[in-house]
Amino acid sequence: MSDEERRFLAAEIRYTTFRLDVLYRRQHKGDRTALTRQRVERLEALLAALQGFPDALSS
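Because the structure is predicted, anything quoted here is derived from the model rather than measured.

A. Quick look at the environment of Ala10. Mapped onto the fold, Ala10 is located in helix α1 (residues 3–28). Residues Ala10 and Leu50, 40 residues apart in the sequence, show an inter-C-alpha distance of 9.0 Å.

Next comes the structure, spelled out in structure tokens:
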């Protein structure tokens, strides 16, 4: 993996983590909608895949 690919991957992980943090805060403040829960599940699976667990996307 080249340095550029590593930087891109790191940026994707940071951005996905940021998006998850926003959704977690919404849930903490009382957002219990199905849409928010689904977004969290999808982003958690994406983050796991980016971190080296590609099977997470299949669930």
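B. Spotlight on the side chain of Thr36. One can find Thr36 in helix α2 (residues 34–50). What makes Thr36 buried here is its relative accessible area of 3%. In this structure Thr36 touches Leu23, Gln27 and Asp31, once residues within four positions along its chain are discounted.

C. The side chain of Gln27, seen in detail. In this structure, Gln27 sits in helix α1. Beyond its immediate sequence surroundings of up to four residues, Gln27 is in contact with Arg32, Thr36, Arg37 and Val40.

About the criteria used
Residues numbered from 1 in each chain as written. Predicted model: local features only at pLDDT ≥ 70, side-chain atom pairs only at ≥ 80, totals over all residues. Heavy atoms only, no water. Helix = DSSP H or I, 4+ residues; strand = E, 2+ residues; numbered from the N terminus. Buried < 20%, exposed > 50% of the residue type's maximum accessible area, 1.4 Å probe, protein only. Contact = heavy atoms within 4.5 Å.

All quantities given are derived from atomic positions and should not be read as evidence of function.
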